[in-house]
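Architecture and fold: a report
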Amino acid sequence: MAELTRDEVLVKISRKESLARADLSGLDLSGCDLAGADFRRAELDGTNLENARLLRADLTNASLREAFLAGADLTEARLEKADLEGANLKRAVLDGANLDRATLEGATLSEARLRGARLTGAQLDSADLGGANLESAVMSHAELIESYLGGANLSSAQLSNADLSSANLEEANFSGAVLDDAELSKARAPGAIFHNASMTRATLSGAQFVRANLVGADLRHARLESTEFAGAMLTGARLFGVSAAGVRLNEISAEWIDAGPDGGQKRVPGNDIMALLEGRLQPSATRYFGEGDVLRNAALEFGAGSSVEIDSRFENCTITLGDGTDLVIGHCGVLKDCQINGTGNVTVHGLFFERESPGIVGPRQFVVSSQGAVVGTVEQASQNTVFAFEPGCRLRMRIVRSRSQS
Amino acid sequence: MAESASGYTQCTRCGARIDTTARFCVQCGAAVPGGSVGREIAKTQRTTGASRGQPPPPRSGGSRTGNTQVGTGRAASQRRTLQMDVGQALNAKAKPAPEPERAAASMSQALAEVTAAAPSPAPPEAQAAPIAAILDDIDSTFDNILQDPRKVSQESRPDDIEQAQALFRQITVAYIGPVRDFMIELRMGEPSKEWIQVCAPALASLGASAERMGLAPLATALGELRTALEAAEAGEATTFNESAREQLLAASHGLATLLPEAFAVDEERDRREPIIVRSLLCQVPGVRKVQLDKLYRAGLTSLSMYYVAKPAELAQTTGLALDLCEQIVRRFTRYKSMASIPPDPQRSNELAQLERLAERLTELNDAFERGGSAGVDKKRARQERGEVMLEISVILARLGEVGLVENLERFPFQRKVEALGAFIKKRRAADQTAAPFGTTKN
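Residues numbered from 1 in each chain as written. Chains lettered and ligands numbered in written order. Predicted model: local features only at pLDDT ≥ 70, side-chain atom pairs only at ≥ 80, totals over all residues.

Attention now goes to the overall build of chain A. Within chain A, the regular secondary structure consists of 2 helices and 17 strands. Taking all 406 residues of chain A together, 57% fall into the buried category. Long-range contacts, defined as pairs at least 24 residues apart, comprise 5% of the intrachain contacts of chain A with a sequence gap of at least 6. (Helix = DSSP H or I, 4+ residues; strand = E, 2+ residues; numbered from the N terminus. Buried ≥ 20, exposed ≤ 12 C-beta atoms within 10 Å, placed from the backbone. Contact = placed C-beta atoms within 7 Å.)

Below you can see the structure in the form of structure tokens.
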């Protein structure tokens, strides 16, 4: 039972008195101007705050179970660790509000505005966020199990490590959102938009992404076991290192996908996408030589279409590339007294020193990044090599025509 | 009512221009607030309104000093006492009857019965004589109005008759509940022809009373609707077909003008129907905000649309999955068959159903509150609670309790349970004390 009446509350507010720890449960404060009020640890269970103005109010640790906050203005309000279980926040405005570690289990937030709101570690299990605007909201580690996010706008939202298992994400917009390490198993996302979303290491096992837009989505190392992608758009999606046993890909639309490793790009066209996701085309064509290893006096040959990344130290080695093979000398990679032959694509982030001139013979494409350094001669391919040098790269390099041309 | 210096005032309900001396709006029958008379009338309206699920009119506050200045002499005194007595009589009717009795067969009989049954409150000794005289006055005047309007017209001022007729309209509104519900159902779908058995006797009785009250246009309009209703009974179909619907709606146009509170039902339908449609849709698994938006965007907002919709057409129009559309159509078909059954005047079936649902809600809420410690699946309990509330909303909307539906949404569940319990109790009590016109009390 409330210890104050509505009028007494308003008098206290007008006098700028604190209402911290006050018992206001069940009170009708609808339409009241409570902007900036101090309600820390206050009891507001079942309170009617419909259309109330709670702009920048401090509701830290307050209990608002089953409170009616429809249409309330809670812009930039502080609701850290507040208990809003079963509360009704339909069409409430919570832009910039802080709801870190708040409990919103079973709460109704349909069509609420939460742009830029903080919900880190918030409990939103079974919450109704249908049509809510969560643009740029920070929801890392939030629990959204069995929640409803149908038609919600989560573009550029931060959802890393969030738990969205069994959530309904139909037609939600996750464009540019960060869902790294997020749990999305058994989530249903028909028609949802994940354009350019980052979903690395996310778990999507058993989830449904029917007709979803995953163009440019980064799904590297994601778990896609038994994931349903029927009718999904996957052009440009990054799928390096995914585990995709039992994945379903009927009628997907993808001109190409990026099967390249971290920091690299490897376009896999048309029909190969199916083979790659279904495990028939393993990205095992990529060879990686990790940091700390040393390889001396070796002759290495990589077939056409394969991909090689070197972060090791190679000394006195000869590397032969097949047609279209990608060779990336990583940031930690050092090739000393080495020679590279063949019509591959060479990208240098590390260091290359030739053994004898020309140290690099016939590459189709030769790129040196801002971190890269090359000392040697490049003999162009018969159809002229494409060169690209980022500002800051260090070069002591000579370019000569192909011997076949000369 | 906004009074003006010209001696006229405006009715707050219908906006009609009325004399400041009048106690009732001659257009819509709304009480003019003020003084003890106004309060008595307000009591009457609340009682009858509750029994029919109508919201009470605005209460008058304070006394109207202007009345005592304007109304002087015997005629003014008679007008005032007439209204006072009717108010007392109707108020007395709201109290439990001493023994079961048959409802009045006509409005005049009803009024006569309640007037006779009304125990006069013991007035203070100083006022006993004048009040006794006033009561005698009112008895004779009212008997005249009811039994022989021509006699009244010779002996009473025209505004007395107008006010009595206005009062008659007001009482009619309260008693016409089943017919009003039928007209709303008719606008929302295809009700069963069994409604005729409920509505025809009420229309006949009201028509006869209206005629005796000198309200010929109203009597004619009631007769027309009754005739249309009985004409629609022909044929093998168990529900009103499209042409019958149109004829009935056309026949009710006159009544909508003469008795707008009872027959201008479009506004009331517009309040009830969205709640029913939304609640029914939300009961279909898989219908959430996204699906609701698609259905509403396609203009599918009324019950009649869902009654005639084919799943394939629905799927094509909205872009929803065919199996979901099939479920939606099935849900509305089920509702239609339930809604086509005419309710008894007391709506006892709906109240019984409401009672069951309130009990279920209590159980679920208790289980939810006990929570995980008692091995209760809170998520399941929460979901079921929501489903029960949707069913409750449909029934309350059908009963015309739209305000209660809106209030319940604002309450926490424990208060929802309490408010529902209070409503059912009040409704049951009202039904016991006031049987609708033309029906038999249980």
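Still to come is the rest of the account.
Counting its regular elements, chain B contains 22 helices and 3 strands. With 442 residues in all, chain B has 40% of them scored as buried. Considering only intrachain contacts with a sequence separation of at least 6, the fraction spanning at least 24 residues in chain B is 66%.

With that settled, the discussion passes to the nonpolar core. Ranked by size, the top nonpolar core spans 107 residues in total, and within it A:L214 and A:L234 carry the most contacts. Aside from chain neighbours lying at most four places away, what touches A:L214 is A:F194, A:F209, A:A232, A:M233, A:L234 and A:A237. If you look at the next biggest cluster of nonpolar residues, it comprises 72 residues, including B:I176, B:L259, B:V277 and B:L396. (Core = buried A, V, L, I, M, F, W, Y, C linked by C-beta atoms within 7 Å.)

Residue and element names in this part refer to chain B. The geometry of helix 8 (residues 177–188) relative to helix 9 (residues 195–212) is characterised by a closest axis approach of 9 Å and an angle of 130° between their N-to-C directions. Comparing their axes, helix 9 and helix 8 come out oblique. Every pair of crossing elements has a handedness; the one defined by helix 8 and helix 9 is left-handed. Along its contact with helix 8, which presents P178, V179 and F182, the element helix 9 presents W195, V198, C199, A202 and L203. (Axes fitted to C-alpha atoms, helices over the stretch in contact; angles between N-to-C directions. Parallel < 35°, antiparallel > 145°, perpendicular 65-115°, else oblique. Left-handed = near helix turned anticlockwise from the far one by under 90°.)

A word on the interface of chain A and chain B. Tallying the contact residues gives 18 residues for chain A and 10 residues for chain B. Counted by class, the side of chain A that touches chain B contains 2 nonpolar, 10 polar and 6 charged residues. (Nonpolar A, V, L, I, M, F, W, Y, C, P; charged D, E, K, R; others polar.)

All names here are of chain B. Along the chain, L390 falls in helix 20 (residues 378–398). Expressed as a C-alpha distance, the spacing of L390 and S279, which sit 111 residues apart in the sequence, is 5.2 Å. The residues touching L390, leaving out its near neighbours within four places in the chain, are S279, C282 and Q283.

The next subject is helix 8 of chain B. Residue and element names in this part refer to chain B. Taking 1.5 Å of rise per residue, the 12 residues of helix 8 would be expected to cover 16 Å, and the 16 Å separating its terminal C-alpha atoms lies within 8% of that figure. Of all 12 residues that make up helix 8, 11 are buried, and the element is covered over most of its length. Among the residues of helix 8, those classed as buried are G177, P178, V179, R180, D181, F182, M183, I184, E185, R187 and M188. (Expected span 1.5 Å × (residues − 1).)

Let us look at unusual backbone geometry. Residues and elements named next belong to chain A. Looking along the chain, the bond that leaves S357 and enters P358 is cis, with omega of -5°. Along the chain, P358 turns up in the loop between strand 12 (351–354) and strand 13 (360–361). Residues other than glycine seldom take positive phi values, yet S166 does so here, at roughly 60°. Its place among the elements puts S166 in the loop between helix 1 (6–14) and strand 1 (256–258). With a phi close to 55°, E171 is a non-glycine residue in the positive phi region. One can find E171 in the loop between helix 1 and strand 1. With 23 C-beta atoms counted inside 10 Å, the residue E171 sits in the buried group.

Residues and elements named next belong to chain B. Every buried residue belonging to helix 15 (residues 289–297) is among K289, V290, Q291 and L295, and all of these are buried. Contacts made by the buried residues of helix 15 are with helix 14 (266–282), helix 17 (311–318) and helix 18 (322–339). Two residues or fewer after helix 15 comes G299, characterised by a positive phi angle close to 80°.

This part covers the pairing of strand 8 (residues 318–321) of chain A. Residues and elements named next belong to chain A. Burial along strand 8 is one-sided: the face carrying I319 and L321 is buried and the face carrying T318 and T320 is not. The sheet contact formed by strand 5 (residues 299–302) and strand 8 spans 4 bridges and is parallel. Note on strand 8: the bridge partner recorded for A299 is T318. Pairing between strand 8 and strand 10 (residues 334–341): 3 bridges, direction parallel. The residue bridging T320 from the neighbouring strand is N341, located in strand 10. (Pairing = 2+ DSSP bridges.)

For the rest of this paragraph, the subject is the environment of B:L399. Residue and element names in this part refer to chain B. With respect to the secondary-structure elements, L399 resides in the loop between helix 20 and helix 21 (402–410). With 21 C-beta atoms counted inside 10 Å, the residue L399 sits in the buried group. With 218 residues separating them along the chain, L399 and D181 place their C-alpha atoms 8.3 Å apart.

This part takes up the packing of helix 9 of chain B against helix 10 (residues 216–231) of chain B. Residue and element names in this part refer to chain B. One way to put it is that helix 9 packs onto helix 10 with a least axis distance of 8 Å and a crossing angle of 160°. Classified by the angle between their axes, helix 9 and helix 10 sit roughly antiparallel to one another. At the point where helix 9 passes helix 10, the crossing takes the left-handed sense. Counting all contacts with helix 9, which are made through I196, C199, A200, L203, A204, L206, G207, A210 and E211, the residues of helix 10 involved are A216, L218, A219, L222, G223, L225, R226, L229 and E230. Classifying every residue of the contact of helix 9 with helix 10 by side-chain character gives 13 nonpolar, 2 polar and 3 charged.

Our next topic: the confidence of the model for chain B. Residue and element names in this part refer to chain B. Within chain B, residue pLDDT values average 70, and 58% of them lie at 70 or more. Ignoring residues within four places in sequence, the model shows residues 1–5, a span with pLDDT below 50, making 12 contacts including any to other chains. In the predicted structure, residues 34–128 sits below a pLDDT of 50 and forms 133 contacts with residues beyond four places in sequence or in another chain. At the level of chain-chain contacts, confidence expressed as ipTM amounts to 0.72, with global pTM at 0.65. (pLDDT = per-residue confidence, 0-100.)

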